[in-house]
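Fold and geometry: a report
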Amino acid sequence: MLKLLLLPLALLLSAFLFFTDKKTEITENTTNSSQSARKEIAASLGSSIRNNQFPETKEFTLDQETSKLNIKYTLDPQLQKESDFLLKKYKPDYGAIFMIEAKTGRILAMSSFQKSDPNASNLNLRATFPAASVFKVITAAAAIDHSGINPDHKIAFNGGNYTLYKRNALSETVNRWTRFISLKDAFARSINTAFGRLAIENIEPQVLNTYAEKFMFNSEIQADFPVEKSTAQVPEEKGFELTQVASGYNRYNTMSPVHGAMIAAAIINEGRMNHPYIVDELTDSNQNPVYKGATLDNQQIISVESAAKVQSMMEQTVLTGTSRKTFRKITREKKFKEIEMGGKTGHFSGTNPKGRTDWFVGYASDGDNKVAIAAITVNIQKWTVKSSALGEMMFRKHFKSVLEEKEISRISVNKKNRG
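First, a word on scope: everything that follows refers to the structure included in this document. (Residues numbered from 1 in each chain as written. Predicted model: local features only at pLDDT ≥ 70, side-chain atom pairs only at ≥ 80, totals over all residues. Heavy atoms only, no water.)

**Observations regarding the overall build of the chain**
Helix and strand content of the chain: 13 helices and 15 strands. Taking all 419 residues of the chain together, the buried fraction comes to 52%. Intrachain contacts of the chain at a sequence separation of at least 6 include 72% that bridge at least 24 residues. When the accessible area of the chain is evaluated, it comes to approximately 19,600 Å², of which 48% is carbon and sulfur surface. (Helix = DSSP H or I, 4+ residues; strand = E, 2+ residues; numbered from the N terminus. Buried < 20%, exposed > 50% of the residue type's maximum accessible area, 1.4 Å probe, protein only. Contact = heavy atoms within 4.5 Å. Areas by Shrake-Rupley, 256 points an atom, 1.4 Å probe, with all protein chains shown as cover.)

Structure, rendered in structure tokens:
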């Protein structure tokens, strides 16, 4: 199937773009070819990626013929070096960083670290980590996109900020101890009971399950390397279990760092989710192109308007919410003032691996350049670094280079104009 993606195909496709009645058929055929090609690449390259290896050449079996091909990766050398460095510097018990271009799905960095075993498998591919409060992105998207709730919508709740007790989550009582909080503030501060009440009052279980599936829980990620399925178990009826799922207060709904970055990417990419890919190009021994990586779109999962509203809530996470201290410096630095950043944190004790899981999924954008990241650490006894700090440092590294390139380009244009 890889031969279907040779460069001549691009010429063939371009010849048909003027014919509306053929356009859908061509798109479907191209998508099917890309999916098949990615599966074949994953079958050959999967063991290397699992072992955190990125070989320059590899044997691939194409059309029942095996041949050695040269591999060009999508990885950004500076970002890959930075992510490796950060994990080795802070040495969490378990840690992973996964960064992608939101518009394309190109992988910019993929690093994994396990203190007890330097040769451990790639944690980015594992979907055994509790999704925790990252699942609030899905709940918020369902409330906004389906139920028509706005970020300023007020939620009445009783109890503490970060606990979740049945008596509070299911209580409709409003008394002198009842507090009211907007959806955007509940999101930014990750208030569990408020999200539980949101689900009980505004989201049917079937709707939440639908949006979990839209965001690719319980679905195969069609990458060119193997990734475990993230899982979401949504109850069929309203009750305390629904409040647990909606707020991310359980360990049964799990996801991978790959999936976490995809969720953040979909929000900054106006509600469109792309499957990630790491192989940019395959060439034969004579440097002839055999395969060219391309974007594989998973369609519009929420509307552009809904994505913008969720994005505004994720921005509050880094400005006033759970990541405000980590992002305080970068959001106040003059050179980064044009960079929009947002995210969602999550914390929960997991069992595989055992320890306290700490998530940060987020995005950063200067308008044209949009990147998304998932950073995760699992610590058994003590923290060495917050996952949000890893995200901030990766954003800083990426956009420092982008801004420097823009400044060089601006100076060049000015000199040319002065000519």
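**Let's talk about the packing of helix α4 (residues 136-145) against helix α8 (residues 205-214)**
The contact between α4 and α8 brings their axes to 9 Å, and the two run at 115°. As for how α4 packs across α8, the hand of that crossing is right-handed. Of α8, the residues touching α4 (which contributes Ile-138, Thr-139, Ala-141, Ala-142 and Asp-145) are Val-207, Leu-208, Tyr-211 and Ala-212. Residues of the contact of α4 with α8, tallied by class, amount to seven nonpolar, one polar and one charged. (Axes fitted to C-alpha atoms, helices over the stretch in contact; angles between N-to-C directions. Left-handed = near helix turned anticlockwise from the far one by under 90°. Nonpolar A, V, L, I, M, F, W, Y, C, P; charged D, E, K, R; others polar.)

**Some remarks on the nonpolar core**
Leu-208, Phe-215, Phe-225, Ile-278 and Trp-359 are the most contacted members of the largest nonpolar core, which totals 89 residues. The element that contributes the greatest number of residues to this core is helix α10 (residues 257-268), accounting for nine residues. Membership of the second largest hydrophobic core comes to 27 residues, among which are Phe-327, Met-341, Met-394 and Val-402. (Core = buried A, V, L, I, M, F, W, Y, C linked by side-chain atoms within 4.5 Å.)

**A word on the pairing of strand β10 (residues 279-283)**
With four of its five residues buried, β10 lies for the most part within the structure. Here four bridges tie strand β2 (residues 65-73) to β10, and the two strands are oriented antiparallel to one another. From the neighbouring strand, Lys-72 faces β10, where its bridge partner is Glu-281. Here β10 runs beside strand β11 (residues 289-292); their pairing, made up of three bridges, is antiparallel. Bridging from a neighbouring strand, Glu-281 pairs with Lys-292 of β11. The loop that links β10 with its antiparallel partner β11 comprises five residues; one of these, Gln-287, has a positive phi angle of about 65°. (Pairing = 2+ DSSP bridges.)

**Some points on the packing of aromatic side chains**
Counted under the stated rule, the structure contains eight aromatic pairs. Ring centres 5.5 Å apart and planes at 85° place the aromatic pair Tyr-249 and Phe-348 in the edge-to-face group. In this pair, Tyr-249 sits in the loop between α9 (240-247) and β8 (254-255) while Phe-348 sits in strand β13 (residues 340-351), placing the two residues 99 residues apart along the sequence. On the basis of relative accessibility, which here comes to 13%, the residue Phe-348 falls in the buried class. Grouped by ring-pair contacts, the aromatic residues Phe-327, Phe-360 and Phe-395 constitute a single cluster. Seen from the ring of Tyr-211, Lys-214 lies directly overhead, with NZ or CZ sitting 5.5 Å from the centre. Lying across the ring of Phe-187, Lys-344 places its NZ or CZ 5.5 Å from the centre. (Phe/Tyr/Trp six-rings, centres within 6.5 Å; stacked < 30°, edge-to-face > 60°. Lys NZ or Arg CZ within 6 Å of the ring centre and 35° of its normal.)

**A word on the sheet that holds strand β15 (residues 370-379)**
The five strands lie next to each other as β4-β3-β15-β14-β13, forming an open sheet whose pairing is antiparallel. Each end of this open sheet is capped by a strand with a single partner; those strands are β4 (107-114) and β13. When the angles between neighbouring strand axes are averaged without regard to direction, this sheet yields 10°. Strand direction decides the pairing type here: strand β3 (residues 94-101) and β4, joined by seven bridges, are antiparallel.

**Quick notes on the environment of Ala-37**
Position of Ala-37 relative to the elements: it lies in helix α2 (residues 20-50). Linking Ala-37 and Ala-223, residues 186 residues apart in sequence, is a C-alpha distance of 10.0 Å.

**Here we look at the pattern of salt bridges**
Any two side chains of opposite charge can pair, so long as their charged atoms come close to each other. Enumeration over the complete set of coordinates arrives at eleven salt bridges. Note that Arg-396 and Glu-392 form a salt bridge whose closest N and O atoms lie 2.9 Å from each other. Here Arg-396 pairs with Glu-392, and both are found in helix α13 (residues 387-418), just four residues apart, close to one helical turn. (Salt bridge = Lys/Arg side-chain N within 4 Å of Asp/Glu carboxyl O.)

**Quick notes on the pairing of β13**
Sheet topology places β13 next to strand β14 (residues 354-365); twelve bridges connect them, and they run antiparallel. By the bridge assignment for β14, Gly-342 is matched with Tyr-363. Taking the residues between adjacent antiparallel strands as the criterion, β13 and β14 are bridged by two residues.

**Some remarks on unusual backbone geometry**
With omega at 5°, the peptide bond leading from Asn-352 into Pro-353 counts as cis. Position of Pro-353 relative to the elements: it lies in the loop between β13 and β14. We note that Ala-132 has phi near 50°; this positive angle belongs to a residue other than glycine. With respect to the element layout, Ala-132 can be found in the loop between β5 (129-130) and α4. Note on Ala-132: relative accessible area 1%, which makes it buried. Here the phi dihedral of Met-216 falls at roughly 75°; this positive angle occurs in a residue that is not glycine.

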